[in-house]
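This is what each chain is made of:
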Amino acid sequence: MCGFTGFIGETENKEQVLENMMNTIVHRGPDSSGSFIDEDAALGFRRLSIIDISSSGDQPLYNEDKTKVLTFNGEIYNYQELRRELLEAGHTFTTQTDSETLLHGYEEWGEKLVDRLRGMYGFVIWDREKKKLFGARDIFGIKPFYYAKMNGCLLFGSEIKSFLEHPKFDKVLNEEALGNYLSFQFVPSNETFFKGVYCLQPGHYFTYENGEMEITRYFEPNFTGDTDKSFEEIVDEVEKTMVESVKAHKISDVEVGSYLSSGVDSSYMAYLGQVDRTFTVGFGEERYSEIRDAKEFAKSIHMENDSKIIEPDEYWDSLSDAMYYMDEPVADPAAIALYFLSREAAKKVKVVLSGEGSDELFGGYNIYCEPLEYTGFNRIPLCIRRVLGKFAERCLPRSMKGRGFLIRHGKTLEERYIGNANIFSERESNKLLKKGCVPGCKKITAPLYERVKEKDPVTKMQYVDMHLWLVHDILMKGDKMGMANSLEVRVPFLDKKVMELAETLPLEYKVDAPKTKIALRAAADRVIRKKTAEKKKLGFPIPIRVWLREDKYYNRVKEMFQTKEAEQFFNLKYLNRLLEEHKAGTQDNSRKIWTVYIFLIWYDRFFANGKPVHPSMSK
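Reading the values: rules and limits
- Residues numbered from 1 in each chain as written.
- Predicted model: local features only at pLDDT ≥ 70, side-chain atom pairs only at ≥ 80, totals over all residues.
- Heavy atoms only, no water.
- Pairing = 2+ DSSP bridges.
- Helix = DSSP H or I, 4+ residues; strand = E, 2+ residues; numbered from the N terminus.
- Axes fitted to C-alpha atoms, helices over the stretch in contact; angles between N-to-C directions.
- Contact = heavy atoms within 4.5 Å.
- Buried < 20%, exposed > 50% of the residue type's maximum accessible area, 1.4 Å probe, protein only.

## Thoughts on the sheet that holds strand β8 (residues 146-150)
Strand order in the open sheet formed by six strands is β2-β3-β1-β9-β8-β10, and the pairing between neighbours is antiparallel. A strand with exactly one partner marks an edge of an open sheet, and here the two such strands are β2 (32-37) and β10 (197-199). Across the sheet, the mean angle separating the axes of adjacent strands is 15 degrees when strand polarity is ignored. In the sheet, β8 pairs with strand β9 (residues 153-157) via five bridges, with the strands oriented antiparallel. Looking across to β9, one finds that K149 is bridged to L154. Contacts from helix α1 (residues 14-23) reach β1 (2-8), β2 and β3 (41-47) within the one sheet, and its direction differs from that of β1 by about 150 degrees.

Structural data, given as structure tokens:
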């Protein structure tokens, strides 16, 4: 619903510094702004009015005696229930907002407040008496939260770019993040591409007092697979839980719409939400567009559908602005399509429902079938499969069919699966990067696998994706691209009660190759057409591979690959070979090329030309 920024520590011209920081996130909250400043702290806020849209919902908010100050980004879906409980305990409310429940909840329950929350959030509460800051992020990481301890100050906020306005912030590239970025297509840890800037991880809170920060994990998913219910009973439960979750996520004083693709997740969401408007984008060529199917489905459930065909030139021309809003490079081509989708939706509504999270919770990715297939091949001793895999990687042509299969199955799941994206191998990154690549993928994934070492392979993959792919790709682009257009994106699948149900699903209710999301699809099949409920996972089809073989876009990339910035980081001979192979059609290197290109676009915006300019100021 909003954005916040602020700092603790001695700073000259606090008022002007805070105002400059707030101005960088005006897109997150164009409706109003507010600030709090005392001798120790400065908190700034930009508001997108959704609940209690009168000025009484403006932030910062204060408790009764104004000893505690709140800035908050997100929505608390059980706030009415918490409000009743707090009123009974004697607290006095001055607004109808969900925000105020956080203040009084912190007074009543302290740090245990977070255990009671159902929603998406990043917030801070400044205790003026104790000179103590408390901050928290929701259990899934739907809303962003960044912090940096630098030169005697603590900076915090919804977006990194606001930190650049603080005089004590040192803007230094974290070049060590490049290696893992090239593999994952995002930075897969609490580090960022800005040295000294970290993201608070999902399900964590912190306290900051006397210059010391203490971070605590308060939530961790636990997929037990424990249920004594029959399949039909589970499907009943999925339907009931999703209906209730969507109802809670529709609480708003403004109209709510819904994104709509041709897949089961957004279609089921749109149906349950009974929204008036749905929104779809696609590309001119039919195989790269879900518009026709989306319109057909919307018509079948009597809803309007607004659609837009994204032209190739406008897609490419938007890359720099999209990376500005993203704060960090995320080389998922779907992020740019989402930028246009949210822009179309924002013309009509302030809030949309979206289907993110169902794949991680209910077992929806096609790759989850892989451990359950080819069981005969997997009975071959691992030592033999390793030899076959290494032979395939080093000796077989990259275009040869079956090469990837041998490479993947020559490794254990823990060795090969780092998430939905695996762009460059560490061996390839080491060749590409001028300074080489220190192996780092296992450092990220090994602790996650260790925590679920007794689980089945699919559950292990879900757990890894929940901590990496979901947080740093899916939800990052969902929030940042929505907020770039002052649009709040709500994700009813990523709900505490839905999570509690999903944790109990046994493997056979999630994945039975080649079927995925079995229980969820069965629930959807009861109310939407079978064609949609059973449609195989597609993802957002983007014609990057085709564009990079066209002279116009090939030349754009080639020009970027010959800049001094490209030469600073990459082995240009190897990089341009990837581009030429793709142009000639001998290899599909599109995702590798795109990952490097997006990094360079981002670097050009944030580092090569001084302070990045907000898109509204550069038009």
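## Overview of unusual backbone geometry
Both trends apply: most residues other than glycine have a negative phi, and most peptide bonds are in trans. A cis amide bond links A513 with the next residue in sequence, P514, at an omega value of 5 degrees. Summarising the element assignment, P514 is placed in the loop between α20 (496-502) and α21 (518-525). One non-glycine residue, Q274, lies in the positive phi region at around 45 degrees. Tracing the backbone through its elements, the reader meets Q274 in the loop between α6 (264-273) and β14 (277-282). Positive phi outside glycine occurs at K517, with the angle close to 50 degrees. With respect to the element layout, K517 can be found in the loop between α20 and α21.

## What to know about the pairing of β8
Within β8, four of the five residues are buried, which leaves the element mostly enclosed by the surrounding structure. One ladder, built from three bridges, connects β8 with β10; its direction is antiparallel. By the bridge assignment for β10, A148 is matched with V197. Following β8, the chain reverses through two residues before pairing antiparallel with β9; N151 in that reversal takes a positive phi of roughly 50 degrees.

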